[in-house]
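# A structural walkthrough
Below are the chains, spelled out letter by letter.
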Amino acid sequence: MTTTPEHPVPADDTPGVPRIVPRPTVPGGPPDPVAEAGRHQEPSARHAAAGPADALPDRSLHGDRAVIGGRVDHRAPAVDSPPSEPGTAGPASTERRLLGRLLGEDRLQLGAGAHDRLWGWLGPLLVTVLAGVARFADLGRPHALVFDETYYVKQAYTLLKVGYEARWPDNPNPAFEAGNLHTFLTQADYAVHPPVGKWLIAFGMQLFGPASSFGWRFSVAVAGTLAVWMIARIARRLFASTALGVIAGGLFAVDGEAIVHSRTGLLDQFVMFFALAAFGALLLDREQSRRRLAAGAARVIDAGGELGWSSVRLGVRWWRVTAAVLLGLCIGTKWSGIYFLAVFGVLSVAWDLTARRAIGQRRWALTTLGRDAIPAGLAMVTIAFATYLATWTVWFRTPGAYMRQWAVQHPGEGAQWLPPALRSLLQYHADMWHFHNTLQTPHPYAASPLGWLVQWRPTSMYYPDSVSGLDATASQALCGSDRCSQAITSLGNPLIWWAATAAIVVALVWLVRRYDWRAGAALVGIGAGWLPWLGYAHRTIFTFYSIAFAPWMVLTLTFVIGIVLGTRDDDARRRRLGRWWVGGFLVLVVLVSAFFYPIWTAQVVPYWFWRLHMWLPSWI
């Protein structure tokens, strides 16, 4: 085959995968506008233009290199590439080279071919179907209120009926499970979490009937299934690899903690869902804003201007607005969403900072502060707060809701500058804050957050005595053994969680030593969802809270899987060995998930079979 600029030789002889080649220097040719802009910058800005494209450089797994001002930059992906318009042999445009600098060639090539576009949608769809089967199969089993469903399902039902969480008489669960749903009292109950998650549970109950245990769990199953699709698409964009996207989605599809939370009507599933959706929106904002930045900067450079304070305006960033709304809903489910708002806000601004630095913006730090950081902070906090406040609309409109009349009943108390309704809500929040900081009720499955990453003390959500206590004849008929077990154990697939915990160490090394922004992006969700709980180790908390950051455990593991698979620059033997290692690991993960699936889904099994799953004494 004849090698031409229009048809570069594939890097690994794979059709459709172009090799990134440096832009040739033509003696006496026109100067490179990107390089010329860099020569006239102050020293710090000139260093920035030649340096990493991200906080951490936008370094591709494929080791592409950039040509800046006639020299090879071994730290960054290529800014030069094959011509952006087929059929032309000239150099790439300024905008195209800036895009290579800001996004990396792998991201620009993502979806360039029909095959990759097809599998970019079909692959995530297939693992989502797998997730749906694992989550919806016999979703109504057991027909009993599991663990904290005793609070949230009944609260969701009374929200539907009277608009607030009503109190129930003593021992209401047997009657509720039997379909006698109208035993709740007229007094409002003290609900310690905002209403969003309970309204979502109520939606499923409205569709399938409040007496249906399938209806209790329908919304969490939908959220858990969609989360698999989101992770696959997010990982594809984050790592610029369709294969890694499908691997990430597949890992989350078969993880035990993700399956259990998709089959149990608790709130933490929705915290995870909204936080993950917000992260995906910010990832889209990162790409969109960098494309706008490249286009704006190219116009200035090509016109011979300098990249000053007002040179490039990014306009309204709708994906960032979307992320703020989603984070408001996350906080409206549980207050732990506040940490995701704070961390994701800082991450988004850091991406802006490094983008402006990468294009050679003069005084890029001050420009980012004035044009990006302060507006972004104000917008995201304001939008998230407004969204959160809107989630209390029914509470505002329901006179009988808990503490709704507090301001009327306590004149002269509280924040007098607020209207009565907001004063009542503020006092309610003060009471909730006190509850969450002082909760110290002993529980056999309470677990320190130090052990969450390795699933040291998983939460047993369901293990009824009535199954294990059957007589020998009944047990033989039910499970083929003298003793039976029926369990729901919120235990992540051990191979996934143990490998992901080890992957955190590798990702930290890549972040610190190689300045890989993707490692930082994968780790931030763990930081937001896990680290704050270390400050609450004194109160009663559980390992199942880790579902909130489980997607980022999977993304961190997928990042390291990408390292193991190797790059196009590696020799064939190295890459083949990497595929064998990864393929073997994935097969073991699937086998372990199949082994644990019965104790994630309340299947009736022999006691000895259940006991085989208790690999550690702390799991019992």
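Residue indices follow the written sequence of each chain, beginning from 1 at its first position. Reporting in this predicted model follows two pLDDT cut-offs: at least 70 for local features of residues, and 80 or more for side-chain atom pairs to be given and counted; totals over whole chains, interfaces and linings ignore these cut-offs and use all residues. Water and hydrogen atoms play no part in the side-chain values, which are based on all heavy atoms of the structure.

### Things to note about the environment of Val-505
The helix and strand labels rest on DSSP assignments: H or I over at least four residues marks a helix, E over at least two residues marks a strand, and numbering proceeds from the N terminus. Examined against the element boundaries, Val-505 turns out to sit in helix H21 (residues 494-514). Linking Val-505 and Val-560, residues 55 residues apart in sequence, is a C-alpha distance of 10.0 Å.

### A short note on the state of the cysteines
Note that a disulfide, as used here, is simply two cysteine sulfur atoms within 2.5 Å. Under the definition given, this model contains one disulfide. Across the disulfide from Cys-479 sits Cys-484; the S-S distance is 2.0 Å. Judged by the torsion about the S-S bond (-85 degrees), the Cys-479/Cys-484 disulfide is left-handed.

### A word on the nonpolar core
To form a nonpolar core, buried Ala, Val, Leu, Ile, Met, Phe, Trp, Tyr and Cys residues must be joined to one another through side-chain atoms within 4.5 Å. Burial status follows relative accessibility: with a 1.4 Å probe on protein chains alone, a residue under 20% of its type maximum counts as buried, one over 50% as exposed, and anything between as partly exposed. Counting 142 residues, the largest nonpolar core has Phe-176, Phe-252, Phe-279, Phe-340, Phe-549, Trp-552 and Leu-555 as the members making the most contacts within it. Here the element with the most residues in this core is helix H12 (residues 268-302); it accounts for 13 residues. Setting aside residues no more than four positions away along its own chain, Phe-549 makes contact with Trp-452, Leu-453, Trp-497, Gly-525, Ile-526, Gly-529 and Trp-530. Among the nonpolar cores identified, the runner-up in size contains 17 residues, and Leu-103, Leu-293, Ala-355 and Ile-359 belong to it. Every residue pair with non-hydrogen atoms within 4.5 Å of one another is taken to be in contact.

### So, the pattern of salt bridges
The working definition used for a salt bridge is a side-chain nitrogen of Lys or Arg within 4 Å of a carboxyl oxygen of Asp or Glu. Enumeration over the complete set of coordinates arrives at 13 salt bridges. For the salt bridge of Asp-352 with Arg-320, the shortest nitrogen-to-oxygen distance reads 2.7 Å. Note that Asp-352 is positioned in helix H14 (residues 337-358) and Arg-320 in helix H13 (residues 318-331), a separation of 32 residues in sequence. Asp-516 is paired through a salt bridge with Arg-518; the nearest N and O atoms lie 2.4 Å apart. By the burial criterion, Asp-516 is buried, and Arg-518 matches it. Through salt bridges with shared partners, a single network forms among Asp-285, Arg-317, Arg-320 and Asp-352.

### Thoughts on unusual backbone geometry
In this structure, Pro-142 follows Arg-141 across a cis peptide bond, with omega equal to -5 degrees. With respect to the helices and strands, the residue Pro-142 is situated in the loop between helix H5 (114-136) and helix H6 (149-162). Look at Phe-147: it is not a glycine, yet its phi comes out positive at around 50 degrees. Judged by relative accessible area, which is 16%, Phe-147 ranks as buried. Even without being a glycine, Asn-171 presents a positive backbone phi close to 50 degrees. By the element assignment, Asn-171 lies in the loop between H6 and helix H7 (173-177).

### What to know about the packing of H21 against helix H22 (residues 517-529)
Two packed helices can be described by the angle between their axes and the distance between those axes. The contact between H21 and H22 brings their axes to 9 Å, and the two run at 130 degrees. Comparing their axes, H22 and H21 come out oblique. With respect to the hand of their crossing, H21 and H22 are arranged in left-handed fashion. Along the contact surface, H21 presents Ile-504, Ala-507, Leu-508, Trp-510 and Leu-511, while H22 presents Ala-519, Gly-520, Leu-523 and Ile-526. Within the contact of H21 with H22, the residues separate by chemical class into eight nonpolar, one polar and no charged. Working convention: axes come from line fits to C-alpha atoms, limited for helices to the stretch in contact. Angles between N-to-C directions cover 0 to 180 degrees. Here roughly perpendicular refers to angles of 65 to 115 degrees, roughly parallel to angles under 35, roughly antiparallel to angles over 145, and oblique to all remaining angles. By convention, the crossing between two helices is left-handed when the near helix turns anticlockwise from the far helix through less than a right angle, and right-handed when the turn is clockwise. Side-chain classes follow a simple rule in which Ala, Val, Leu, Ile, Met, Phe, Trp, Tyr, Cys and Pro form the nonpolar group, Asp, Glu, Lys and Arg form the charged group, and the remainder, Gly included, forms the polar group.

### Let's talk about the packing of aromatic side chains
The pairing test for Phe, Tyr and Trp rings, Trp by its six-membered ring, is centres within 6.5 Å, and the orientation test on the planes gives stacked under 30 degrees, edge-to-face over 60, and tilted for anything in between. Applying the stated criterion across every chain yields a total of 52 aromatic pairs. With a centroid separation of 6.4 Å and 45 degrees between ring planes, the pair formed by Tyr-190 and Tyr-428 is classed as tilted. Here Tyr-428 lies in helix H18 (residues 420-438) and Tyr-190 lies in the loop between H7 and helix H8 (196-208), a separation of 238 residues in the sequence. Relative accessible area serves as the criterion here: at 27%, Tyr-190 is assigned to the partly exposed category. Tyr-428 gets classed as buried once you look at its relative accessible area, which sits at 2%. Through pairs of rings, three or more aromatic residues link up here, namely Tyr-190, Tyr-388, Trp-392, Trp-395, Phe-396, Tyr-402, Tyr-428 and Phe-435. Criterion for a charge above a ring: Arg CZ or Lys NZ at most 6 Å from the ring centre, at most 35 degrees from the ring normal. The ring of Trp-517 carries the charged tip of Arg-286 above its face, separated from the ring centre by 3.6 Å.

### Topic: the packing of H14 against H22
Closest axis-to-axis distance for the H14/H22 pair is 8 Å, and the angle between their directions is 160 degrees. Regarding the angle of H14 to H22, the classification is roughly antiparallel. The handedness of the crossing between H14 and H22 is right-handed. Contacts between H14 and H22 involve Tyr-339, Phe-340, Val-343, Phe-344, Leu-347 and Trp-351 on the former and, on the latter, Trp-517, Ala-521, Val-524, Gly-525, Ala-528 and Gly-529. For the contact of H14 with H22, the per-class residue count stands at 10 nonpolar, two polar and no charged.

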